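So the chains spell out like this:
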Amino acid sequence: MQKDLQRLLRDPNLILPEVQTLISNIASQATELNMPCYLVGGVVRDLLLNLPTHDSDIDFVFEGDAIKFGETLVNKYGGKLTHHYKFHTAIWHLPSTFNLQLETLDLITARKESYEHAGALPTVTPSNIEEDLRRRDFPINAMAIRMDGDHFGELLDPLNGEADLEKKLIRVLHDKSFLDDPTRIFRAIRYETRYSFNLEPSTLNLINAESLSVLSKLSGERIRNELDLILDEEKASQIILRVANLGLLSYIHKSIPEFKEDYSDFLDMDSRLDIPADRRTMGYMLWFIDLSEEEIFSICNRLDFSNELTLAVWSAAQLKWSLQHLTESKPSVWTYALEKLPLLSIYAVYLISRENSLLSYISIWRHVKAHTTGDDLKAQGLTPGPRFREILSALRTAWLDGVLTSKTEEEEMLKKLIAENQ
Ligand code: ATP
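Not measured: the values here are computed from a predicted model.

**Student:** I'd love a proper account of the packing of aromatic side chains, names of residues and values included.
**Tutor:** Scanning the model with the defined rule gives 17 aromatic pairs in all. With 6.3 Å between their ring centres and 25 degrees between their planes, Y347 and Y350 make a pair best called stacked. Within this pair, Y347 and its partner Y350 are both found in helix α18 (residues 343-353), separated by three residues, close to a single helical turn. For Y347, a relative accessible area of 4% gives the class buried. One aromatic cluster is present, built from ring pairs that chain together F259, Y284, W287, F288 and F305. Seen from the ring of Y191, R190 lies directly overhead, with NZ or CZ sitting 5.2 Å from the centre.

Spelled out as structure tokens, the structure:
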């Protein structure tokens with residue numbers, strides 16, 4: 001196994017060469033200081049599954065003081081350190097010399113955790129790697145690879161995660177796991193669907209009235225974080241379906257619907273359009289778009305959405321309802337109605353309805369303006385005031401609706417409008 005892991009750790013298809021350099025610098029610093037140092041969690045799981053690791057999944061644990069260790073890294077390689085003394089962790093803001101997309105790296109002291117009551121956030125105390133692995137969610141996420149000195153490439157797997165990977169199983173570490181932290185229920189379902197694994201039967205049984213009742217008391221922010229992570233996944237709609245089938249949704253909020261299968265392809269945005277892609281916002285809009293205004297506000301409130309996200313979801317629903325009143329309207333009517341709404345909400349409704357006017361607005365109409373500006377009107381001797389806006393808007397309307405087709409026509413129309421004004 002050790003040889004095999006050494007090979008996987010050096011495979012550029014699994015870990016980018018620049019990331020390998022970062023990892024080996026940290027490992028040699030740990031070797032120099034005689035400090036046991038481990039890669040843990042997702043990176044180990046994905047390496048053993050022969051899957052590429054994302055930079056952001058690189059997690060290091062140290063047996064010893066990770067904060068002091070971080071200080072030696074800053075002295076040697078540069079960058080900056082943020083200390084979290086309470087959690088015995090540090091964040092290393094990497095120097096640009098590493099040339100990575102990754103900007104920060106968490107440095108964690110091996111620790112154990114205790115929960116004061118079900119669903120509470122844990123209290124942590126420094127400990128060793130084995131205890132650190134025991135506080136984790138599932139065996140497949142509770143493996144470590146030692147990186148320092150001669151130990152390079154040694155797998156630590158006290159909870160038999162590798163066997164679960166082979167059997168394709170997601171299993172909790174103890175019966176109270178979901179009561180300690182019900183967000184693990186979402187995590188379990190996320191990994192189950194992502195890797196096409198199965199929940200081990202007794203773990204499945206632990207998703208029951210007792211754990212779901214603890215889940216129902218979690219803060220909106222903690223639940224939203226989990227839903228955000230689900231929406232980031234390639235198989236997001238399948239995960240939500242599984243979450244629904246296991247009866248979780250009603251414990252979050254009585255009105256949360258299933259995610260419509262027909263909408264799932266729309267999560268991946270068309271990058272040719274000039275709209276910044278935002279998979280999470282798009283996901284929530286598609287998920288809640290068929291609900292009533294009251295239900296939407298109530299769910300957004302439960303999930304502690306930002307005002308911006310609430311507005312996006314509400315606007316998408318609002319537009320979908322009012323679509324029938326707008327069809328057959330002139331482009332200017334569409335444009336003035338749509339201008340008040342977030343662009344992403346309009347795009348979501350386009351995807352669902354395939355109403356061409358929405359696409360015309362996104363790609364053409366919203367950019368249409370008259371050639372004449374406020375300065376031109378001033379130069380013509382008009383004093384700024386409400387009439388200013390009326391004239392400019394009359395010109396824009398005429399362009400939008402095809403009444404104007406050239407600059408000369410616009411100049412003639414402008415003359416008439418000014419004459420009417422005098
Ligand atoms: P992903 O590919 O989903 O990002 P990951 O394993 O990197 O997977 P993180 O959410 O970054 O996931 O968590 C890192 C590690 O921390 C996990 O592998 C797991 O060992 C541990 N962990 C995360 N969340 C929990 C939790 N709620 N309870 C216990 N351990 C957790």
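**Student:** Tell me about helix α4 (residues 66-77), residues and numbers included.
**Tutor:** For α4, spanning twelve residues, the distance from its first C-alpha to its last is 16 Å, which sits close to the expected 16 Å at 1.5 Å a residue. Of the residues making up α4, those classed as buried are A66, I67, F69, G70, L73 and V74. Taken down its axis, α4 places every buried residue within 155 degrees of arc, on the same side. In α4, the exposed positions that point more than 90 degrees away from the buried face belong to K68 and N75. Summarising the contacts, the buried residues of α4 are in contact with α2 (17-32), β2 (60-62), β3 (80-84), β4 (89-93) and β5 (104-109). With a side-chain oxygen lying 2.9 Å from the backbone nitrogen of I67, the N-terminal cap of α4 falls on D65. Where α4 terminates, the next one or two residues include G78, which has phi positive at roughly 95 degrees.

**Student:** Tell me what's going on with helix α8 (residues 183-194), and back it up with residues and numbers.
**Tutor:** The end-to-end C-alpha distance of α8 is 17 Å, a good match for the 16 Å that twelve residues give at a rise of 1.5 Å each. Buried within α8 are the following residues: T183, R184, I185, F186, A188, I189, R190, Y191, E192 and T193. Where α8 ends, the next residue or the one after it, S196, has phi of about 55 degrees, a positive value.

Cut-offs applied
- Residues numbered from 1 in each chain as written.
- Predicted model: local features only at pLDDT ≥ 70, side-chain atom pairs only at ≥ 80, totals over all residues.
- Heavy atoms only, no water.
- Phe/Tyr/Trp six-rings, centres within 6.5 Å; stacked < 30°, edge-to-face > 60°.
- Helix = DSSP H or I, 4+ residues; strand = E, 2+ residues; numbered from the N terminus.
- Buried < 20%, exposed > 50% of the residue type's maximum accessible area, 1.4 Å probe, protein only.
- Lys NZ or Arg CZ within 6 Å of the ring centre and 35° of its normal.
- Expected span 1.5 Å × (residues − 1).
- Arc of directions from axis to C-beta.
- Contact = heavy atoms within 4.5 Å.
- Polar contact = N/O pair within 3.5 Å; in protein donor to acceptor, adjacent residues only side chain to side chain.

These results come straight from atomic positions and should not be treated as a statement about function.
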